[in-house]
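One-letter residues, chain by chain:
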Amino acid sequence: MAGKPPTGDPVQDAPDVAAPQHAAAGLPAIAHTLRVAQKQMGVRRTALTLLKVNQKDGFDCPGCAWPEPDKRHAAEFCENGAKAVAEEATLRRVTPDFFAAHPVADLATRSGYWLGQQGRLTHPMYLAEGATAYEPVTWERAFDLIAEELHALTSPDEALFYTSGRTSNEAAFLYQLFAREFGTNNLPDCSNMCHESSGSALTETIGVGKGSVLLEDLYRADLIIVAGQNPGTNHPRMLSALEKAKAGGTKIITVNPLPEAGMERFKNPQNARGLAGGGTPLTDLFLQIRLGGDQALFRTLGRLVLETEGAVDTDFIREHTHGFEEYERTARAADWDETLRATGLRREEIEEALRMILASRRTVVCWAMGLTQHKHAVPTIKEVVNLLLLRGDIGRPGAGVCPVRGHSNVQGDRTMGIFERPSAAFLDALEKEFGFAPPREHGLDVVRAIRALRDGDAKVFFAMGGNFVAASPDTDVTEAAMRRARLTVHVSTKLNRSHVITGARALILPTLGRTERDRQSSGDQFVTVEDSMGMVHASRGRLEPASPHLLSEPAIVCRLARRVLGTESTTPWEEFEADYATIRDRVSRVVPGFEDFNARVARPGGFTLPHAPRDERRFPTATGKANFTAAPVEYPKAPEGRLLLQTLRSHDQYNTTIYGLDDRYRGIKNGRRVVLVNPDDARTLGLADGTYADLVSEWTDGTERRAPGFRVVHYPTTPGCAAAYYPETNVLVPLDHTADTSNTPASKSLVIRLEQADPV
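For the structure given in this document, a descriptive report is provided here. Along each chain, residues carry numbers from 1 onward, in the same order as the chain's sequence is written. For a predicted model such as this one, the threshold for reporting local features is a pLDDT of at least 70, and the threshold for listing and counting side-chain atom pairs is 80 or more; totals across whole chains, interfaces and linings nevertheless cover every residue. Hydrogens are left out, water is left out, and the side-chain values use all remaining heavy atoms of the structure.

1. Focus: the overall build of the protein chain
Here a strand is any run of E in DSSP of at least two residues, a helix any run of H or I of at least four, and the numbering for each starts at the N terminus. Scanning the protein chain from terminus to terminus reveals 32 helices and 33 strands. Computation of the radius of gyration draws on C-alpha atoms alone. For the globule rule, the value is 2.2 Å times the number of residues to the power 0.38. Over its C-alpha atoms the protein chain spans a radius of gyration of 25 Å, differing by no more than 12% from the 27 Å that the globule rule assigns to 760 residues. Based on the C-alpha atoms only, the size of the protein chain along its principal axes is roughly 70 × 60 × 55 Å. Using a 1.4 Å probe on the protein chains alone, a residue whose accessible area is under 20% of its type maximum counts as buried, one over 50% counts as exposed, and one in between counts as partly exposed. Counting the 760 residues in the protein chain, one finds 65% classified as buried. For the protein chain, contacts bridging at least 24 residues in sequence account for 79% of all contacts bridging at least 6. Here, Shrake-Rupley sampling with a 1.4 Å probe gives the accessible areas, and only protein chains in the shown set may cover a residue. For the protein chain, the exposed surface amounts to about 25,900 Å²; the carbon and sulfur share of it is 50%. Under the convention used here, Asp and Glu are negative, Lys and Arg are positive, and both His and the chain ends fall outside the count. One atom stands in for each charge, and that atom is NZ of Lys, CZ of Arg, CG of Asp or CD of Glu. Here the protein chain holds 88 positive side-chain charges and 97 negative ones, and the gap between their average locations is 4 Å. Any two residues whose heavy atoms approach within 4.5 Å are treated as being in contact.

2. Regarding the packing of helix H15 (residues 294-306) against helix H21 (residues 377-390)
Following both chains from N to C, one finds H15 and H21 inclined at 20 degrees, their axes separated by 8 Å at the closest point. By the angle class used here, H15 and H21 are roughly parallel. For H15 against H21, the interelement crossing comes out left-handed. In this structure, H15 uses Asp-294, Gln-295, Phe-298, Arg-299, Leu-301, Gly-302, Val-305 and Leu-306 to contact H21, whose residues at the interface are Pro-379, Thr-380, Glu-383, Val-384, Leu-387 and Leu-390. Considering only residue class, the contact of H15 with H21 consists of eight nonpolar, three polar and three charged. All axes here are fitted lines through C-alpha atoms, helices being fitted over the stretch that makes contact, and every angle between N-to-C directions spans 0 to 180 degrees. For classification purposes, an angle smaller than 35 degrees is called roughly parallel, one larger than 145 roughly antiparallel, one from 65 to 115 roughly perpendicular, and anything else oblique. Two helices cross in a left-handed way if the nearer one is turned anticlockwise from the farther one by less than a right angle. They cross in a right-handed way if the turn is clockwise. The nonpolar class holds Ala, Val, Leu, Ile, Met, Phe, Trp, Tyr, Cys and Pro. Asp, Glu, Lys and Arg form the charged class, and all remaining residues, Gly among them, are polar.

3. Details of the sheet that holds strand S31 (residues 705-714)
Only strands that DSSP links by at least two bridges are regarded as paired with each other. Spatial strand order, S25-S32-S29-S31-S30-S33: six strands in a closed barrel with mixed pairing. Recorded for the sheet is a direction-independent mean angle of 45 degrees between the axes of neighbouring strands. As defined by bridge partners, strand S29 (residues 674-677) adjoins strand S32 (residues 721-725) across three bridges and the pair is classed as antiparallel. When the sheet's bridge partners are listed, Val-677 is paired in S32 with Ala-722.

4. Points about the sheet that holds strand S23 (residues 607-608)
In spatial order, the strands read S21-S22-S23; together these three strands make up an open sheet with antiparallel pairing. The open sheet has two edge strands with one neighbour each: strand S21 (527-530) and S23.

5. Thoughts on the pattern of salt bridges
Any carboxyl oxygen of Asp or Glu that lies within 4 Å of a side-chain nitrogen of Lys or Arg is treated as forming a salt bridge with it. This model, assessed by the stated rule, comprises 69 salt bridges. Note that Glu-129 is salt-bridged to Arg-486, the shortest N-O span being 3.5 Å. Residue Glu-129 is found in the loop between strand S5 (125-127) and strand S6 (135-136), and its partner Arg-486 is found in the loop between helix H26 (475-483) and strand S17 (487-492); the two are separated by 357 residues along the sequence. Between Glu-431 and Arg-440 there is a salt bridge, with the nearest N and O atoms lying 3.1 Å from each other. Overall, the relative accessible area of 32% leaves Glu-431 in the partly exposed class. One continuous salt-bridge network, built from bridges that share partners, spans Arg-642, Asp-694, Glu-698, Glu-704, Arg-706, Arg-753 and Glu-755.

6. Quick notes on the pairing of strand S14 (residues 363-367)
Of all five residues in S14, five are buried, a share of seventy percent or more. As defined by bridge partners, strand S8 (residues 223-227) adjoins S14 across five bridges and the pair is classed as parallel. For Ile-225, the partnering residue across the bridge sits in S14 and is Val-365. In terms of strand pairing, S14 meets strand S15 (residues 400-403) through four bridges, oriented parallel. Its bridge partner lying in S15, Cys-366 is registered against Cys-402.

7. Description of the environment of Ala-31
Inspection of the secondary structure assignment puts Ala-31 in helix H1 (residues 27-41). Residue classification places Ala-31 among the partly exposed positions, given a relative accessible area of 40%. Separated by 48 residues in the primary sequence, Ala-31 and Glu-79 have C-alpha atoms spaced 9.5 Å apart.

8. A few points about the pairing of strand S9 (residues 251-255)
Most of S9 is tucked away: four of the five residues are buried. Of the strand pairs in this sheet, S8 and S9 are connected by five bridges, and their pairing is parallel. Opposite Ile-224, over in S9, you have Ile-252 as the bridge partner. Examined bridge by bridge, S9 and strand S12 (residues 285-287) share three bridges and lie parallel to one another. Its bridge partner lying in S12, Ile-253 is registered against Leu-285.

9. Comments concerning helix H3 (residues 79-88)
Within H3, 10 of the 10 residues are buried, leaving the element largely enclosed by the surrounding structure. Three or more residues of H3 are buried, namely Glu-79, Asn-80, Gly-81, Ala-82, Lys-83, Ala-84, Val-85, Ala-86, Glu-87 and Glu-88.

10. Notes on the nonpolar core
Ile-146, Leu-150, Phe-161, Phe-178, Phe-462, Leu-509 and Trp-573 are the most contacted members of the largest nonpolar core, which has 62 residues in total. When neighbours within four sequence positions are excluded, Phe-178 is seen to be in contact with Leu-150, Phe-161, Val-557, Leu-560, Ala-561, Val-564, Leu-565 and Trp-573. Throughout this description, the term nonpolar core refers to a set of buried Ala, Val, Leu, Ile, Met, Phe, Trp, Tyr and Cys residues connected via side-chain atoms within 4.5 Å. Counting residues in each nonpolar core, the second largest holds 46 residues, with Val-255, Ala-311, Ile-357 and Phe-619 among its members.

11. Quick notes on the packing of aromatic side chains
Two aromatic rings, drawn from Phe, Tyr or Trp (for Trp, its six-membered ring), form a pair once their centres lie within 6.5 Å of each other, and the interplanar angle then sorts them: stacked below 30 degrees, edge-to-face above 60, tilted otherwise. On inspection of all chains with the given rule, the structure shows 22 aromatic pairs. Between Phe-99 and Tyr-134, the ring centres sit 5.5 Å apart and the planes meet at 65 degrees, which makes this aromatic pair edge-to-face. Here the residue Phe-99 occupies a position in helix H4 (residues 96-101), and Tyr-134 occupies one in the loop between S5 and S6, the gap between them amounting to 35 residues. Exposure class is identical for Phe-99 and Tyr-134. Each is buried. For the ring pair Phe-324 and Phe-628, a centre distance of 5.4 Å and an interplane angle of 65 degrees mean the geometry is edge-to-face. Taken together, the residues span a long stretch of sequence, with Phe-324 in helix H17 (residues 324-332) and Phe-628 in the loop between strand S24 (626-627) and strand S25 (643-648) at a distance of 304 residues. Judged by its relative accessible area of 6%, Phe-628 falls in the buried class.

12. Brief notes about the side chain of His-320
Here His-320 shows up in helix H16 (residues 314-320). Look at His-320 and you get buried, because its relative accessible area is 17%. The contacts of His-320, once residues within four sequence positions are left out, are Arg-617, Phe-619, Lys-625 and Ala-626.

13. Re the state of the cysteines
Cysteine sulfur atoms that pair up within 2.5 Å are treated as a disulfide. Inspection of every chain in the model, using the stated rule, returns zero disulfides. Left unpaired, Cys-61 is separated from the closest cysteine sulfur, that of Cys-78, by 6.2 Å. Among the residues examined, Cys-61 registers a relative accessible area of 6% and is labelled buried. Here Cys-78 is not cross-linked by a disulfide; its sulfur's nearest cysteine counterpart is in Cys-64, at 5.8 Å. The class for Cys-78 is buried, based on a relative accessible area of 12%.

That's the geometry; what it means functionally is another story.
Below, the structure is given as structure tokens:
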């Protein structure tokens, strides 16, 4: 919201600031983890849960999608994973009495942090049209209400079925099956907001929209390039893999506008060296790049490889690639002056990166939102692929592309068919297996779904997990769009902002968490997930459910489908709810790579999905080969007196879930409304450290988008670039400011001005 932000926190959002740290984890991470876990769960429950996280006979962490090694530590979790588990396994409860005491208008004044801290939802809740507070409702009545609204639509395409990345494979498969049997491909998901650019680029260039490496490849690599990613904050268990790679002689280049403590030095809390305080330096070369300059960097590195005798893998290019000649002409024309302007780097730094690339026979490039959330994100990732193709570094052990996914099963959901633009082959398989004709017209992604709600073209919004309102761009537009819906439904474990920005009617449907035992009529069930590297494994909860009134996600979908589709559906929804093995049997006949699903996932550790470029050096693209590309180099520009802003997470959050008000590694404590600005830029703008400013984004539509009352923090960012936390800054991201091709919100390259102001 552009006005005064929600608060309700027990402390004022007036942060204390210290110098940023230069090492991550260690004893402070252990102490903080135990303190948070015991506060939420108590001592006994903490031991019961954390010792089962990411174990082969345990449950998958509801946090990030980083894979587990075959040999696992007894504490196979990170600080942020422990926080995610603690908030799910908390002893706190949000009961009907809570909603009676807190009308929606009151809840709307509270911060996302406050809402999340209240605990687990215990009952289905209903907000009637014109009502001021949620009231408890039976599951039967809730499904009747949804069916009533869905049946009143003039077209199935007036319904939107959103999915977050924590939904299991089984629930995701059922969810997309229900939506398509209902008659729509409107299946927007959180991938639309994060790695859609990766999928778009990789599908075109190598034929598979996923990474091509396994965990073992990182250990074998001579060189790992980590670009546009903050592992210490967003994927902390990745630091352990990088440490192991370093022990084997791997070099690491970090490409980032911000110095990050985890990539400087990692104090592994699982070994003596980390606990003793020394830790492992990870980065060999830090390229502090200007926001959005990555395409220019990788293009120029490609040019320099081409100009180096013997550096190009000509045999690989001849046998396995297409489009090399056009790429070569374009790359050789790369201009040094333009590259230095775009990247903010010195020529010597780029030449040092080249020397490291030339010394490597096995290179892996990892990336995350810092590459995917720009207007030119897709050609940037294609440029990464170009560099690897030049060296023959796809389909070789210890080399390849590694987009690091965020939420725990975001990749698996896409594999299961959560996609607004499904392939004809997938729809054909679905039709053959279930005997109905699925819709063929493409559906709506996240940005287009918001437009449809805004314009009155969508009337029912159903979310399987997530916090859509807080996660989406252009907060004022998104909230106004959501309020135009006839019905909004959220399947959730905890309260969040999306529950208080509602349609005319609203439902909250409480569901089991990953930590909880899932009992159905055939006995205890397990679900499966796919990690960031295509490994599929089981997840089994151990705790008793937070309430007897919870349903599992598969059960919710099955009961909803039976109520909405009625006897016209021949899909065995009751059978699916009773025994998830029957779901997996159907998946095995629809989704390639899942043959004999039940038997293979029963093995400890699960199984690896096939990946043609990695496994066979076969590239299932339109040309039948890996494709070089040659897009014009782009990079964002800010006028005089303006800065480029990137949105990012604090260390005390995961996606839109706020665990606390500190960002330990960046030296921020007790607040989130901060903007990190290079000291020279701040002085030029007349903003002393500790003063406050409104952030105002400037966009071609002339609309003023304002985030008020941010404390200015002098910080070693790249000159001309600034950073601030989301979701507080999502209000600044124009709905139409998206990546070409992927339509992902371009949250990492916002042109802003800073106007001096008072604290909010």
